[in-house]
Amino acid sequence: MSHLSLNFNNLNNFIPEKSSILPSIQSCHEMLERGDGPGSDFLGWMQPTVNLAEIEMVAKSLRDQCEVFIVIGIGGSYIGAQAGLTFLKSSFPNQLDKEGGPDIYFAGQNISSDYHSDLMDLISGHDVCVNVISKSGTTTEPAIAFRFFKELIEKKYGTDGAKNRIVITTDASKGALNQLAAEKGYRKFVIPDDIGGRFSVLSPVGLLPMAVAGIDIGKVIAGALKGKELYSCPSVEENDAYRYAGFRHLLYQKGMTTEIFATFQPAFHHFSEWWKQLGGESEGKDGKGIFPATVEFATDLHSMGQWIQEGQRTIFETFLLIEKSNRQLKIPTSKNDADGLNYLAGKTLDHVNNKAYEAAALAHKEGGVPNLSITIKDRSPEALGQLFYFFERAVAMTGYLNGVNPFDQPGVEFYKNNMFKLLNKPGY
């Protein structure tokens, strides 16, 4: 059973006959399956298999010994895990989702002294464990953060005590963190050589923090395997990931160069950030690529809604929806009806939220913004795993359709090189 359904009705009249792109999709599909297209050394994500028992064993030991768990990483090294936690846990997990597990915080995704100082103040007096995630071990932002938290843990527990409180996720055989793990005896998980950072959420990179949070990662992988079954199909009519990719490409060819990813649930907040990196870093090359933008409705209907409705017609929208929330709230009746809302009394917030979506989708279509909708059944681990795989497959396809390598990111090095020169790093 699929946990996802798609609605393309609001694309009618905006795109040409999709049959014109079918041969290109077929060709790109064959490249992916044969593994002989651009970036073919990084197709490990296509087979979401992992040693779940080892991850769960280490996660349990971390849950048993710490009150606070710090995940250190940047980009794909942290955002997938944070997307999973935000989607699968409550809105306030560190306050509500105790269940014997630690509070979870993220570090190294920025270079803010205020943020990291405040975080260290917050965890003072608590038992702490750290998972640092970096393939090279020398990425500036997480490497700096790790210095702080490694020092904190070693001062508090000693060098020997730190061995069971620091977990490394890094390259199999090379890099600074790999060497450090060998020297210090830290437990280590491997980032597979054939999986790039933004495609790594279904590896130990994303799964270990989720497991520490008490999430059933076996069900996440089961959902991803369902996604593999559904989205490896060569038939575009039967493969929603390819249909989505094909429509994105056709809209892009018509000059709609920005995709607005719109959600109506805060549970999707970090998933949207994960999607933004996946699309932006995979497709933005050689002067090409759809620009990925995110909005969170209804909030942004009161800020970005005007621009979307009547701004430049260079955009299309993808709505990501949840069919059923974890909990339901019904609107109460008011005796004097001063706010005029008694006509909604007895209705659920989900009902109102859904009508807000329907109204926005219709208004934006009438305003010249083509849009499509992706609906997942619920906030389950299986649905999340399938959703991750859906977008990975779709973005890989869109990159190939646009003639770029979806699995490299050469442009990222330009800012790094400039920063190293300005910081007087040796060799720069």
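Procedures and definitions
Residues numbered from 1 in each chain as written. Predicted model: local features only at pLDDT ≥ 70, side-chain atom pairs only at ≥ 80, totals over all residues. Heavy atoms only, no water. Core = buried A, V, L, I, M, F, W, Y, C linked by side-chain atoms within 4.5 Å. Buried < 20%, exposed > 50% of the residue type's maximum accessible area, 1.4 Å probe, protein only. Helix = DSSP H or I, 4+ residues; strand = E, 2+ residues; numbered from the N terminus. Contact = heavy atoms within 4.5 Å. Polar contact = N/O pair within 3.5 Å; in protein donor to acceptor, adjacent residues only side chain to side chain. Expected span 1.5 Å × (residues − 1). Arc of directions from axis to C-beta. Salt bridge = Lys/Arg side-chain N within 4 Å of Asp/Glu carboxyl O. Pairing = 2+ DSSP bridges. Right-handed = clockwise from strand over helix to strand, strands pointing away.

Undergrad: Talk me through the nonpolar core; I want residue IDs and the actual numbers.
TA: Ranked by internal contacts, the top residues of the largest apolar core, which has 88 residues, are Leu-208, Phe-271, Trp-274, Ile-374, Leu-387, Phe-390 and Phe-391. If you tally residues by element for this core, the top one is helix 14 (residues 381-401), at twelve residues. What Phe-390 contacts, discounting residues up to four positions off in sequence, is Leu-4, Leu-6, Tyr-231, Asp-240, Ala-241, Tyr-244 and Ile-374. In terms of nonpolar packing, the next biggest core, distinct from the first, is built from 21 residues, Ile-70, Leu-119, Val-130 and Val-132 among them.

Undergrad: Account for the side chain of Arg-379, with residues named and values stated.
TA: Topologically, Arg-379 is positioned in the loop between strand 10 (371-376) and helix 14. Reaching out from Arg-379, the side chain makes a polar contact with the backbone oxygen of Phe-87 at a distance of 2.8 Å. One polar contact links the side chain of Arg-379 to the main-chain carbonyl oxygen of Lys-89, over a distance of 2.6 Å.

Undergrad: Please set out helix 1 (residues 22-34) residue by residue, giving values where relevant.
TA: Between its first and last C-alpha, helix 1 extends 18 Å over 13 residues, near the 18 Å set by a 1.5 Å rise per residue. Turning to helix 1, its buried residues number three or more, namely Ile-25, Cys-28, His-29 and Leu-32. Taken down its axis, helix 1 places every buried residue within 105° of arc, on the same side. Looking at helix 1, the residues exposed on the side facing more than 90 degrees away from the buried face are Pro-23 and Arg-34. Residues of helix 1 that are buried in the fold lie against helix 10 (240-253) and helix 14. Where helix 1 terminates, the next one or two residues include Gly-35, which has phi positive at roughly 75°.

Undergrad: Quick rundown of the pattern of salt bridges? Include the residues and the values.
TA: Taken as a whole, this structure holds 16 salt bridges when the rule is applied. Measuring nitrogen to oxygen at the nearest pair gives 2.7 Å for the salt bridge that ties Asp-36 to Arg-34. Here Glu-154 and Lys-150 are joined by a salt bridge, their closest N and O atoms 3.2 Å apart. Here Glu-154 and its partner Lys-150 are both found in helix 6 (residues 140-162), four residues apart, which amounts to about one turn of the helix. In this structure, a network of salt bridges that share partners links the residues Glu-30, Arg-34 and Asp-36.

Undergrad: Now, about the pairing of strand 6 (residues 187-190): what can you tell me, with residues and values included?
TA: Each regular strand carries side chains that alternate between the two faces of the sheet. Summarising the sheet, strand 5 (residues 166-170) and strand 6 pair through four bridges and their orientation is parallel. By the bridge assignment, Ile-168 is partnered in strand 6 with Lys-188. The parallel pair strand 5 and strand 6, bridged by helix 7 (residues 176-184), forms a crossover whose chirality is right-handed.

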